[in-house]
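The chain contents come next:
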Amino acid sequence: MTSVENGAEPRQPSIKPVNQRGAARLAAVQALYQMDVGGTGVMEVVAEYETHRLGKEVDGETYLKADPSWFRSIVSGVVRDQTKIDPLVRSALQEDWPLSRLDTTVRAILRAGAFEILERKDVPVAVIVTEYVEIARAFFENDEPKLVNAVLDRIAKQVRGETKR
């Protein structure tokens, strides 16, 4: 007798829950990009994402459910600490490569990753670097993910004395 025949519900395959912090990181990168390109303010962009994007459908695309406090922490933290973050990112780049030369999306990824390395000591460096490299892979196919990996690894070594393992 099968489980259905004896009145029990059929066993559902286990579904991995969405990584809500990962989704928050992606949304934060998108929000930072939007702020950089459009000059949108932090309060405006955070409110827009929390009200209309995180976990919602927009123009036929469904945004992943994200941890709103993690999202808010990254976006507001990057804006608040930008005078610390930008020199840190700049020092991890090649000497002749100014921050302004970076693609806007790469700059947003590096700022968000650097913020987490600086402020989220409760999150292992390997997790932070891996998550932001994955975000870079979502936007780029070539050298950008490698650049993100190398720069965040250098920042982690400088700030925490450790690298991604």
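Residues numbered from 1 in each chain as written. Predicted model: local features only at pLDDT ≥ 70, side-chain atom pairs only at ≥ 80, totals over all residues. Heavy atoms only, no water.

If you check an unreviewed UniProt entry, the protein appears there as Transcription antitermination protein NusB from Agrobacterium cavarae. Annotation of the protein in UniProt includes, under Function (unreviewed entry), the sentence "Involved in transcription antitermination. Required for transcription of ribosomal RNA (rRNA) genes. Binds specifically to the boxA antiterminator sequence of the ribosomal RNA (rrn) operons." Under Sequence similarities (unreviewed entry), UniProt gives the following word-for-word description of the protein: "Belongs to the NusB family." (UniProt positions renumbered as here; feature names shortened; annotations may be inferred.)

All right, on to the nonpolar core then. Note that soluble globular proteins tend to have their nonpolar side chains buried in a common cluster. Phe71, Val75, Val89, Tyr132, Val148 and Ile155 are the most contacted members of the largest nonpolar core, which has 47 residues in total. Broken down by secondary-structure element, the contributors of at least two residues to this core are helix H1 (20-38), helix H2 (42-53), helix H3 (68-80), helix H4 (82-92), helix H5 (104-119), helix H6 (125-139) and helix H7 (144-160). Considering every element that reaches this core, the biggest residue donor is H5, with nine residues. Among residues more than four places away in sequence, those in contact with Val75 are Ala28, Ala31, Leu32, Met35, Val42, Val45 and Val46. (Core = buried A, V, L, I, M, F, W, Y, C linked by side-chain atoms within 4.5 Å. Buried < 20%, exposed > 50% of the residue type's maximum accessible area, 1.4 Å probe, protein only. Helix = DSSP H or I, 4+ residues; strand = E, 2+ residues; numbered from the N terminus. Contact = heavy atoms within 4.5 Å.)

Before going further, it helps to examine H1. Taking 1.5 Å of rise per residue, 19 residues should cover 27 Å, and H1 covers 26 Å from first to last C-alpha, within 8% of that figure. Every buried residue of H1 is accounted for by Gly22, Ala23, Ala24, Arg25, Ala27, Ala28, Val29, Ala31, Leu32, Gln34 and Met35. Where H1 starts, the residue carrying a side-chain oxygen 3.2 Å from the main-chain nitrogen of Arg21 turns out to be Asn19. Just past H1, the residue Gly39 takes up positive phi, approximately 70 degrees. (Expected span 1.5 Å × (residues − 1). Polar contact = N/O pair within 3.5 Å; in protein donor to acceptor, adjacent residues only side chain to side chain.)

Quick look at the environment of Val46 now. Tracing the sequence through the fold places Val46 in helix H2. Sequence separation of Val46 and Phe71 is 25 residues, and the distance between their C-alpha atoms is 8.2 Å. Not counting chain neighbours up to four residues away, the residues in contact with Val46 comprise Phe71, Arg72 and Val75.

The geometry of H6 relative to H7 is characterised by a closest axis approach of 9 Å and an angle of 160 degrees between their N-to-C directions. One way to sum up the angle between H6 and H7 is to call them roughly antiparallel. In terms of crossing hand, the pair formed by H6 and H7 is right-handed. For the pair formed by H6 and H7, the contact residues are Val125, Ile128, Val129, Tyr132, Val133, Ala136 and Arg137 on the first element and Pro145, Val148, Asn149, Leu152, Asp153, Ala156 and Arg160 on the second. (Axes fitted to C-alpha atoms, helices over the stretch in contact; angles between N-to-C directions. Parallel < 35°, antiparallel > 145°, perpendicular 65-115°, else oblique. Left-handed = near helix turned anticlockwise from the far one by under 90°.)

Okay, the packing of aromatic side chains next. Any aromatic ring pair is given by two values, namely how distant the centres are and how the planes are angled relative to each other. One pass over the structure, following the stated rule, counts zero aromatic pairs. The ring centre of Trp70 lies 3.8 Å from the NZ or CZ of Arg21, which sits over that ring. Stacked on the ring of Trp97, the Lys or Arg Arg101 has its end atom at 3.6 Å from the ring centre. (Phe/Tyr/Trp six-rings, centres within 6.5 Å; stacked < 30°, edge-to-face > 60°. Lys NZ or Arg CZ within 6 Å of the ring centre and 35° of its normal.)

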